[in-house]
Amino acid sequence: MTKDLTCGAPLRVIALFTLPLVLGNLFQQFYALADTIIVGRFVGVNALAAVGATGAVNYLIIGFCTGICSGFAIPIAQQFGARDLPAMRRSIANAAWLCLGFGGVLTAATVALTRPIMQLMQTPADILDDACLYIGWIFAGIPFVFLYNMASAIMRALGDSKTPLYFLVLTSLLNVGLDLYFIIQFDMGVLGAAVATDLSQAVSGVASFVYMRRRFTMLKMQPGETRFDRAICRRLCAMGLPMGLQCSITAIGSVIMQSAVNVLGSTAVAAVTAASKTQNLLTVPLESIGTAMATYSGQNLGAAQLGRVRRGVRCANGIAIAYSLAALVALHYFDIYVIALFLDTSAEAAIVEMAREYMFWNSLFFIALGLLIVWRYSIQGLGYSSLAMLAGVAEMVARIGVAVALVPMLGYFGAELSNPAAWVAACLLLYPAYRWTLRQLQNDLSARRLAALHKIGLRAAPAPQKNGDACFAPWMCAILKKRPQPTRKKGA
């Protein structure tokens, strides 16, 4: 079922749209955590460190895949908001062609370069082979990563944030079952975890694609709409590549940071792995708010409602701040129980203490993380993906600075400051970027409005009502023939 995010109270609309995303992302984290938990508990600390050592490079590549799919969905959300369905279908078809191309190239390149990448990251020798085995098989499943994420991004662009959740629940349970089966029954170690993930992603991708084709009748392609179009592909890439590169650029800093942690030994790697996995669970709601804001901003831009975008961003920031404070308190009391998912807390006391310390320093800056996520995704939804990408550059530079300067000097404590430094650096860039983006778009809408008035021979626009541009947008869109005039009911 599609959902129009251009009407209704922004706080309520965003909250209701975000809730299924939170649940879906939690299951996605559970999906990813299953490998770590089961490997850590049933294979051993070295195997846990091996899986953890691949985290940054995994995010570097898989983050690019998911980012580019989210970027492709932005024009789709804007065209849905403007009710231009033929253009929306052409964008979806060309996004599919691009995903096929990117998926094939990335799979071949990453599988071939797995060992050189892990060696370049100075992965400890005692976990190198397992790390290469695990991440190589994960990269082999990249085509299914593209398939699922593109289908999910399209459904979210149409306002459906619930259906992707259902498929994630199904495949998360499948992943856990396969993990236990391959690791315990067949004693396959990290290879079993990777194969289980690949099979689960394949089921998720195929099922999502089949459902989307059957459920959304507006997506039924008309003659000529599936044709490859260079102009459409250029626009999609202008949105998708910066978002994919933003994830990858951010991950480059994480890769370098991971290399600095690797030098500290397997114990430090295991501690950072357990802490990072715990932190990823806690920050799921923040990422979900950001995903919701990309769709919300895109649809409302398509409907020419910039005032509604501003109100939505303020509401989202309020939600993010409130949640960050609650997460900080919860982490103080319950962190050890989450860490116990990955480690035997009684046998690995030193690693547990290092993980708790890492999470404490990170949780103090959750508010900065929440704000940067809202601003970044809102800018992307408004069509300025390249500008949002600069925040990824700021994060990368901050992490590299910490890895080069603080880790050699402060050791493990320097590593604990990596994420806070990156989040603060990104916020310092994103807030002025968000303000500038709104000014640019407002000027553009004003110019279009004046051009439309001049074209029909009017000297002044109809007087604005209380809701500002929210009531002006339908009038302007009607003039520009972006959407049909609403029909009046008899007797109205």
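Starting from 1, residues in each chain are numbered consecutively following that chain's sequence as written. In view of the model being predicted, local features appear only for residues whose pLDDT reaches at least 70, and side-chain atom pairs are presented and counted only at 80 or more, with totals across whole chains, interfaces and linings using the full set of residues. The side-chain values count all of the structure's non-hydrogen atoms but skip hydrogen atoms and water molecules.

### Overview of the overall build of the protein chain
- On a plain count of helices and strands, the protein chain comes out with 19 helices and 0 strands.
- Buried, partly exposed and exposed residues are distinguished by accessible area as a fraction of the type maximum, computed with a 1.4 Å probe on protein chains only: under 20%, between the cut-offs, and over 50%, respectively. A burial count over the protein chain gives 55% of its 492 residues as buried.
- Per-residue and other accessible areas follow the Shrake-Rupley method at a 1.4 Å probe size, with only the shown protein chains counted as cover for residues. Summing over all exposed atoms, the protein chain offers an accessible surface of approximately 21,100 Å²; the carbon and sulfur share of this is 65%. Strands are runs of DSSP state E lasting at least two residues, helices are runs of H or I lasting at least four, and both sets are numbered from the N terminus onward.

### What to know about helix H14 (residues 349–363)
- Take the residue count of a helix, subtract one, and multiply by 1.5 Å to get its expected span. With 15 residues, H14 should reach 21 Å at 1.5 Å per residue; the first-to-last C-alpha distance of 21 Å fits that figure.
- Turning to H14, its buried residues are Ile351, Val352, Ala355, Tyr358, Met359, Asn362 and Ser363. Projection of H14 onto a plane perpendicular to its axis shows the buried side chains occupying an angular sector of 125 degrees, all on one side. Of all possible arcs, the one meant is that of the directions from the helix axis to the C-beta atoms.

### Comments concerning the packing of aromatic side chains
- Centre distance within 6.5 Å is the pairing criterion for rings of Phe, Tyr and Trp, where only the six-membered ring of Trp is used; planes under 30 degrees apart are then read as stacked, over 60 as edge-to-face, and the remainder as tilted. With the rule as written, the count across this model stands at 9 aromatic pairs.
- Relative to tryptophan 436, the ring of tyrosine 384 lies with its centre 5.8 Å away and its plane at 90 degrees, an arrangement referred to as edge-to-face. Separated by 52 residues along the polypeptide, tyrosine 384 in the loop between helix H15 (366–381) and helix H16 (385–410) and tryptophan 436 in helix H18 (residues 418–456) bring together distant segments of the chain.
- Classification of tyrosine 384 as partly exposed rests on a relative accessible area of 23%.

### Concerning the pattern of salt bridges
- Salt bridge, as used here, is a side-chain nitrogen of Lys or Arg placed within 4 Å of a carboxyl oxygen of Asp or Glu. With the rule as written, the count across this model stands at 4 salt bridges.
- Between glutamate 225 and arginine 89 there is a salt bridge; the shortest N-O distance is 2.8 Å. Residue glutamate 225 is found in the loop between helix H9 (189–215) and helix H10 (230–263), and its partner arginine 89 is found in helix H4 (residues 85–112); the two are separated by 136 residues along the sequence. When sorted by exposure, glutamate 225 lands in the same class as arginine 89, which is buried.
- Between glutamate 395 and arginine 399 there is a salt bridge, and its shortest N-O distance comes to 3.3 Å. With glutamate 395 and arginine 399 both in helix H16 and 4 residues apart, this pair spans about one turn of that helix.

### Some points on the confidence of the model for the protein chain
- With 87% of its residues at a pLDDT of 70 or more, the protein chain shows a mean pLDDT of 80.
- The score called pLDDT rates the predictor's confidence residue by residue, from a low of 0 to a high of 100. Only heavy atoms enter the contact rule, under which two residues are in contact if any of them lie within 4.5 Å. Predicted confidence for residues 458–492 stays below pLDDT 50, and this span has 39 contacts to residues more than four positions away or in other chains.

### Describing the layout of surface pockets
- Method remark: on a 1 Å grid restricted to protein atoms, a set of points is classed as a cavity if a 1.4 Å probe fits but cannot get out and as a pocket if it is open with protein on both sides within 12 Å along at least five of seven lines; lining residues have an atom within 4 Å of a point. Grid points are joined across faces, edges and corners, and a volume is the space filled by probe spheres set on the points. Put simply, the largest pocket is a space of about 640 Å³.
- Lining the largest pocket are 23 residues, with Ile92, Ala93, Ala96, Phe209 and Met212 positioned closest to its centre.
- For the lining of the largest pocket, the secondary-structure elements that each account for two or more residues are H4, helix H7 (142–157) and H9.
- Charged residues are taken to be Asp, Glu, Lys and Arg, nonpolar residues to be Ala, Val, Leu, Ile, Met, Phe, Trp, Tyr, Cys and Pro, and polar residues to be all remaining types, Gly included. Its residues assigned to classes, the lining of the largest pocket comprises 18 nonpolar, 3 polar and 2 charged.

### What about the side chain of aspartate 160?
- The topology assignment puts aspartate 160 in the loop between H7 and helix H8 (163–185).
- Asp and Glu count as negative and Lys and Arg as positive, but His and the ends of the chain are not part of the count. The side chain of aspartate 160 sits in the buried core without any salt bridge; arginine 215 is the nearest counter-charge, 6.7 Å away.
- Within the local environment of aspartate 160, its side chain forms a polar contact with the backbone nitrogen of lysine 162, the two atoms lying 3.1 Å apart.
- Here a polar contact is recorded for every N or O atom pair within 3.5 Å, except that within protein the pair must consist of a potential hydrogen donor and a potential acceptor, and residues adjacent in sequence are included only if both atoms are side-chain atoms. Separated by 2.6 Å, the side chains of aspartate 160 and threonine 163 make a polar contact.

### As for empty space enclosed by the protein
- Counting across every chain of the model gives 2 cavities of 30 Å³ or more.
- Classifying every residue of the lining of the second largest cavity gives 1 nonpolar, 2 polar and 4 charged.

### Thoughts on H7
- Compared with an ideal rise of 1.5 Å per residue, which puts 16 residues at 22 Å, H7 spans 22 Å between its outermost C-alpha atoms and is within 8% of the ideal.
- Taken across its 16 residues, H7 has 13 buried, putting it largely inside the fold.
- Among the residues trailing H7, glycine 159 stands out with phi positive, at a value near 90 degrees.

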